[in-house]
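Next come the chains, spelled out residue by residue.
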Amino acid sequence: MFSYCPSCASNKIEFKNNKVFKCPDCGFTYYHNTAAATGCVISSDDKVLLVVRAKDPGKGRYDLPGGFVDPGEGAVDALCREIKEELGWAPPPDADLRLFASFPNTYPYKGVVYNTCDLFFSLSAPGLTEKDLTLATDEIDRAVFLRPEEIEENDIAFKSARLALAAFFHLKKD
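Note that the structure is predicted; figures quoted are calculated from it, not measured.

Asks: It is not clear to me how the sheet that holds strand E2 (residues 20–22) should be interpreted in this structure. Could you clarify?
Replies: Strands pair in a sheet through their backbones, by hydrogen bonds, and they do so in one of two ways: parallel or antiparallel. Strand order across the open sheet formed by three strands is E1-E2-E3, with antiparallel pairing between neighbours. A strand with exactly one partner marks an edge of an open sheet, and here the two such strands are strand E1 (14–16) and strand E3 (29–31). Across the sheet, the axes of successive neighbouring strands diverge by a mean angle of 20°, strand direction being ignored.

Asks: Got a minute to help me understand the side chain of Thr 38 in this structure?
Replies: Following the sequence through the fold, Thr 38 ends up in strand E4 (residues 35–44). When sequence neighbours within four positions are dropped, the list of residues in contact with Thr 38 reads Pro 65, Gly 66, Gly 67, Val 69, Ala 75, Ala 78, Leu 79, Leu 119 and Phe 121.

Asks: Explanation requested: the pattern of salt bridges in the structure shown.
Replies: Working definition: two side chains of opposite charge can pair if their charged atoms are close together. For the structure on display, the rule yields 10 salt bridges. A salt bridge links Glu 14 to Lys 16; the nearest nitrogen and oxygen atoms lie 3.4 Å apart. A relative accessible area of 35% means that Glu 14 is categorised as partly exposed. Residue Arg 142 is joined to Asp 141 by a salt bridge in which the shortest nitrogen-to-oxygen separation is 3.7 Å. Judged by relative accessible area, Arg 142 falls into the partly exposed class, the value being 41%. Three or more residues joined by partner-sharing salt bridges are found here, namely Asp 70, Glu 73, Arg 81, Glu 82 and Glu 85.

Asks: Sorry, what's going on with the nonpolar core here?
Replies: Within soluble globular proteins, side chains that are nonpolar tend to cluster in buried spots. Ranked by size, the top nonpolar core spans 22 residues in total, and within it Leu 50, Leu 64 and Leu 165 carry the most contacts. Looking at which element gives the most residues to this core, the answer is helix H2 (residues 159–173), with five residues. Here Leu 64 is in contact with Cys 40, Val 41, Leu 49, Leu 50, Val 51, Phe 120, Ala 161, Ala 164 and Leu 165, once residues within four sequence places are set aside. Of all hydrophobic cores here, the second largest spans 17 residues; its members include Cys 40, Leu 49, Ile 83 and Leu 87.

Asks: What exactly am I supposed to notice about the state of the cysteines here?
Replies: In total, this model carries zero disulfides according to the counting rule given. Left unpaired, Cys 40 is separated from the closest cysteine sulfur, that of Cys 80, by 8.1 Å. Cysteine Cys 117 is unpaired, with the sulfur of Cys 40 as its nearest cysteine sulfur at 16 Å.

Cut-offs applied
- Residues numbered from 1 in each chain as written.
- Predicted model: local features only at pLDDT ≥ 70, side-chain atom pairs only at ≥ 80, totals over all residues.
- Heavy atoms only, no water.
- Pairing = 2+ DSSP bridges.
- Helix = DSSP H or I, 4+ residues; strand = E, 2+ residues; numbered from the N terminus.
- Axes fitted to C-alpha atoms, helices over the stretch in contact; angles between N-to-C directions.
- Contact = heavy atoms within 4.5 Å.
- Salt bridge = Lys/Arg side-chain N within 4 Å of Asp/Glu carboxyl O.
- Buried < 20%, exposed > 50% of the residue type's maximum accessible area, 1.4 Å probe, protein only.
- Core = buried A, V, L, I, M, F, W, Y, C linked by side-chain atoms within 4.5 Å.
- Disulfide = S-S within 2.5 Å.

Shown next, in the form of structure tokens:
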């Protein structure tokens, strides 16, 4: 991420323990902390909503609606904002968003690998269909509602989303 120290321009900057940049010349320290991200399993009747990514990472593969939490934003607010931005549909104000899982993940973007802590919520939206959505086509190629048996694990872009879907379907069985 850094080839030179942002403080003194030394080329001796080191990346230690996969989380901290330290400059031995001036003492500059930068913690490359984990970023918070959200995802939502939106179920409608016996299906779940998956989006097909329009860009890398994971272009052409399934993902869950959601995204990064902005500074000063809580996870639920970030999730609702991301759903609205991506799908053109917002969970109703009385929506029962439930946090059901959290998994670590990595998000490679423009040569930098970001470590994330992905928080997964569930939301039941009976009667919701693809026709109710207006997709942000710069991010989402298409949206589909699929039954669990129609989802191939290898078609899902991120490990954390695969784990979240497995956890969601396991909870639904109980």
